[in-house]
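Summary of the model geometry
Here's the letter readout for the chains.
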Amino acid sequence: NGTEVSVGSSGINAEYGDLGAKMIESLTKEKVQAGDVITIDKASGKISKLGRSFARARDYDAMGPQTKFVQCPEGELQKRKEVVHTVTLHEIDVINSRQQGFLALFSGDTGEIKSEVREQINQKVAEWREEGKAEIVPGVLFIDEVHMLDIECFSYLNRALEHDMAPVLIMATNRGITKIRGTTYSSPHGIPIDLLDRLLIIATTPYTERDTKQILSIRCEEEDVEMSEEGMLVLTKIGRETSLRYAIQLITCANLVCRKRNGTEVSVDDIKRVYSLFLDETRSSQYLKEYQQEFMFNEIKEERAMEIS
């Protein structure tokens with residue numbers, strides 16, 4: 001019992017004969033009628049209803065609010081559609097590492113992936129790239145506080161960067177000349193010289209007063225804090241004399257003091273209040289030096305005693 005359906009575009013008509021049960025079920029599920037604009041995936045047989053043609057807009061006096069009218073397509077009925085799937089190499093490795101590898105992506109139980117599987121996948125991906133079927137987009141690996149890595153980690157990174165599919169590596173550190181962890185040697189930023197020679201080093205400069213004020217203004221907007229102009233100037237001065245992080249932390253505290261007095265914007269008095277309550281690193285160190293005798297396990301006193309003796 002073959003079923004036929006007639007499809008067409010502007011000026012071109014064609015007939016599909018002997019539709020399969022799956023396509024008939026899709027037609028029934030989508031409630032396709034004469035005059036509807038549909039797409040048929042030739043590979044899977046999936047039918048999607050785009051809407052009703054404008055040419056059939058006057059067929060019925062009443063239309064439901066969900067009825068969507070679209071323009072009738074023009075030209076050839078069969079069109080080649082390119083579908084792009086974005087996957088990571090790790091996902092391909094997991095899928096091909098076991099029989100139920102696809103389900104392992106959702107459960108997280110990826111297990112150990114053999115090196116043979118990785119090599120086969122890399123070889124296949126290289127073939128796809130040469131044939132133009134695949135394009136490799138390198139990822140980005142950001143490592144903060146990179147001076148905390150030891151010599152073995154640096155050796156692994158040095159070797160991994162030589163791979164064709166290696167990601168873009170970005171490192172950040174605030175150390176000067178310091179020891180490489182796991183060795184007795186010192187180097188700039190705590191990074192081995194051979195790895196440091198392969199990097200592009202981006203120099204940073206201290207913030208100017210204008211930069212500090214702009215950063216604090218953006219932070220106030222993010223935290224929905226209304227700051228007066230005088231308060232912003234005082235906060236900028238604090239950020240310049242102490243640290244930017246300390247000034248940013250005072251924003252929330254000053255806003256709480258402002259809300260407690262039912263104020264609409266943070267004033268200079270609010271900032272002075274929290275500045276007196278919470279110490280920065282410099283004032284805290286000075287406080288410890290002045291009252292070191294009152295604290296337990298005073299090491300400064302012992303060091304001075306050793307120097308005198």
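Let me begin by describing the structure that accompanies this report.

Criteria and thresholds
- Residues numbered from 1 in each chain as written.
- Predicted model: local features only at pLDDT ≥ 70, side-chain atom pairs only at ≥ 80, totals over all residues.
- Heavy atoms only, no water.
- Helix = DSSP H or I, 4+ residues; strand = E, 2+ residues; numbered from the N terminus.
- Buried < 20%, exposed > 50% of the residue type's maximum accessible area, 1.4 Å probe, protein only.
- Contact = heavy atoms within 4.5 Å.
- Expected span 1.5 Å × (residues − 1).
- Bend = angle between axes of the 7 residues up to and from the residue.
- Axes fitted to C-alpha atoms, helices over the stretch in contact; angles between N-to-C directions.
- Parallel < 35°, antiparallel > 145°, perpendicular 65-115°, else oblique.
- Left-handed = near helix turned anticlockwise from the far one by under 90°.
- Nonpolar A, V, L, I, M, F, W, Y, C, P; charged D, E, K, R; others polar.
- Pairing = 2+ DSSP bridges.
- Right-handed = clockwise from strand over helix to strand, strands pointing away.
- Patch = residues over 30% accessible without salt bridge, like charges linked within 9 Å, V, L, I, M, F, W, Y side chains within 5 Å.
- Areas by Shrake-Rupley, 256 points an atom, 1.4 Å probe, with all protein chains shown as cover.
- Salt bridge = Lys/Arg side-chain N within 4 Å of Asp/Glu carboxyl O.
- Lys, Arg positive; Asp, Glu negative; His and termini not counted.
- Charge placed at Lys NZ, Arg CZ, Asp CG, Glu CD.

1. With respect to the overall build of the protein
- From N to C terminus, the protein includes 12 helices and nine strands.
- Residue burial in the protein is summarised as follows: out of 309 residues, 22% are buried.
- Taking the contacts inside the protein whose residues are at least 6 apart along the sequence as the reference set, 43% of them involve residues at least 24 apart.

2. As for helix α9 (residues 244–260)
- End to end, α9 covers 25 Å across 17 residues, agreeing with the expected 24 Å (1.5 Å per residue, within 8%).
- If you look at α9, its biggest bend is around 25°, right at Ile251.
- Looking at α9, one finds that the buried residues are Leu244, Tyr246, Ala247, Ile248, Leu250, Ile251, Ala254, Asn255 and Cys258.
- Where the residues of α9 are buried, they touch α7 (209–222), α8 (229–241), α10 (268–277) and α11 (281–290).
- Positive backbone phi, approximately 60°, marks Asn262, located one or two places after α9.

3. Observations regarding the packing of helix α2 (residues 89–97) against helix α4 (residues 115–131)
- α4 packs onto α2 with a crossing angle of 120° between their chain directions and a minimal axis gap of 10 Å. Here α2 lies oblique to α4, going by the angle between them. Of the two possible hands of crossing, α2 and α4 adopt the one that is right-handed. Contact with α2, carried on its side by Leu89, Ile92, Asp93, Asn96 and Ser97, involves Val117, Arg118, Ile121 and Val125 of α4 and no other residues of that element.
- When the residues that make up the contact of α2 with α4 are grouped by side-chain class, the tally is five nonpolar, two polar and two charged.

4. Quick notes on the pairing of strand β7 (residues 168–172)
- Of the two faces of β7, only one is covered, namely that formed by Leu169 and Met171; the face formed by Val168, Ile170 and Ala172 stays uncovered.
- Across five bridges, the pairing between strand β6 (residues 140–144) and β7 is parallel. Bridge pairing in β7 places Leu141 opposite Leu169.
- After leaving β6, the chain enters helix α5 (residues 151–160) and then returns to the sheet as β7, a path that is right-handed.

5. Considering the packing of α7 against α9
- Where α7 contacts α9, the axes come no closer than 10 Å and their chain directions differ by 30°. As the angle between them shows, α7 and α9 are arranged roughly parallel. Considering only the axes of α7 and α9, their crossing is right-handed. In this structure, α7 uses Thr212, Ile215, Leu216, Arg219 and Cys220 to contact α9, whose residues at the interface are Leu244, Ala247, Ile248 and Ile251.

6. Focus: a negative patch on the surface
- Together, Glu221, Glu222, Asp224, Glu226, Glu230 and Glu265 make up a region of like negative charge exposed at the surface.
- The residue Glu222 is located in helix α7 in this model.
- Note on Glu222: relative accessible area 61%, which makes it exposed.

So, to be careful, I would describe these as geometric facts and stop short of saying anything about function.
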